[in-house]
Amino acid sequence: MSKRTFLAGAAGLSSLALAGCQTARPQVAAPVEQLQPSVSPSDLTAYRAMPGERFPIPAVDPSKVPEQFRRQLVSYPTSENVGTIIVNTNTFFLHLVQENGMAMRYGVGLGRAGFEWSGRAHVGWKQEWPKWTPPDEMIARQPELEQYSALNGGMPPGLMNPLGARALYIFQGGRDTLYRIHGSPEYWSIGKAVSSGCVRLIQQDVIDLYGRVTTGAPILVV
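Note that the coordinates shown come from a computational prediction; the quantities given were computed from them, not determined experimentally. (Residues numbered from 1 in each chain as written. Predicted model: local features only at pLDDT ≥ 70, side-chain atom pairs only at ≥ 80, totals over all residues. Heavy atoms only, no water.)

Tallying secondary structure elements over the protein gives 5 helices and 10 strands in all. The buried share among the 222 residues of the protein stands at 51%. Partitioning the intrachain contacts of the protein with sequence separation of at least 6 by distance along the chain shows that 70% fall at a separation of at least 24. For the protein, the accessible area works out to roughly 10300 Å², and carbon and sulfur atoms hold 53% of it. (Helix = DSSP H or I, 4+ residues; strand = E, 2+ residues; numbered from the N terminus. Buried < 20%, exposed > 50% of the residue type's maximum accessible area, 1.4 Å probe, protein only. Contact = heavy atoms within 4.5 Å. Areas by Shrake-Rupley, 256 points an atom, 1.4 Å probe, with all protein chains shown as cover.)

The next point concerns the pairing of strand S2 (residues 85-88). In the sheet, S2 pairs with strand S3 (residues 93-97) via 4 bridges, with the strands oriented antiparallel. Residue Ile86 lies in a different strand from S3, and its bridge partner there is His95. Taking the residues that link successive antiparallel strands as the turn, the S2-S3 hairpin has 4 residues, and the phi of Phe92 there is positive, at about 65 degrees. Sheet topology note: the S2/strand S10 (residues 218-221) ladder contains 3 bridges and is parallel. Bridge pairing links Ile85 to Ile219 in S10. (Pairing = 2+ DSSP bridges.)

What follows is about the environment of Tyr76. As for its position among the elements, Tyr76 is in the loop between strand S1 (72-75) and S2. Tyr76 sits in the partly exposed class, given a relative accessible area of 21%. Leaving out residues up to four positions away in the same chain, Tyr76 has contacts with Ile86, His95, Val97, Gly101, Met102 and Ala103.

This part is about the packing of aromatic side chains. On inspection of all chains with the given rule, the structure shows 5 aromatic pairs. Measuring from ring centre to ring centre gives 5.5 Å for Phe69 and Phe93, while their planes differ by 55 degrees; the resulting arrangement is tilted. In this pair, Phe69 sits in the loop between helix H2 (41-46) and S1 while Phe93 sits in strand S3, placing the two residues 24 residues apart along the sequence. Across this residue pair, the class does not change: Phe69 and Phe93 are buried. (Phe/Tyr/Trp six-rings, centres within 6.5 Å; stacked < 30°, edge-to-face > 60°.)

Among the nonpolar cores identified, the biggest contains 40 residues, and Ile85, Leu94, Ile181, Leu201 and Leu209 are the most heavily contacted of them. The element best represented in this core is helix H5 (residues 203-212), accounting for 4 residues. In contact with Ile85, other than residues within four places in its own chain, are Leu94, His95, Leu96, Val123, Leu168, Ile181, Val213, Pro218, Ile219 and Leu220. (Core = buried A, V, L, I, M, F, W, Y, C linked by side-chain atoms within 4.5 Å.)

On to the pairing of strand S6 (residues 119-128). One ladder, built from 4 bridges, connects S6 with S10; its direction is antiparallel. Among the inter-strand pairings, Gly119 is bridged to a residue of S10, identified as Val221. As paired elements, S6 and strand S7 (residues 166-172) share 6 bridges and run antiparallel to each other. Counterpart to Lys126 in the pairing with S7 is Leu168.

A large share of H5 lies buried, amounting to 8 of its 10 residues. Every buried residue of H5 is listed here: Gln203, Gln204, Asp205, Val206, Ile207, Asp208, Leu209 and Tyr210.

What follows is the structure, encoded as structure tokens:
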């Protein structure tokens, strides 16, 4: 699929099973044990445990995440408007454009679906601790997922839910593209191509992004 086909083909994306955004079975991240030489106090704060969440989120050891993929404010000159989300599928970075030539940068993991689309869209809506509903195509391949079908109400939110703590639903022309920017406890997948899924962030990062992004925010994927 060429990158130019995203906007023209958004309505037919359900065949790609993108709504699944499925990952391998999540594992709970180990707590931070000690300050590593390559880890700053700000990194420890950024990836601290979040016991006040609806489903308490364990801390992530920042030393296990390559430094370039940890959340950070960076210089990012661009002609895009402040508040635009820019996903670069080559560098595994998501930039949220800020004022004065800066951007908040997050590392992302990408599945096959994440590499199959590009173009402009917008955040159609946001959801905290979303349900996950695998599409029919995915259920046909994995019948054990039938229990989470739309008819059965989907998978309830929680730490085991593939969409994680937050999800941004990507729309184009008023239609749901079935692509998601979402959280994942699988911090080891950040900066990598994984077997399936959309655009995933560390749980703490997707919560931070969610709090900064407004519904309707423009998205550019390159």
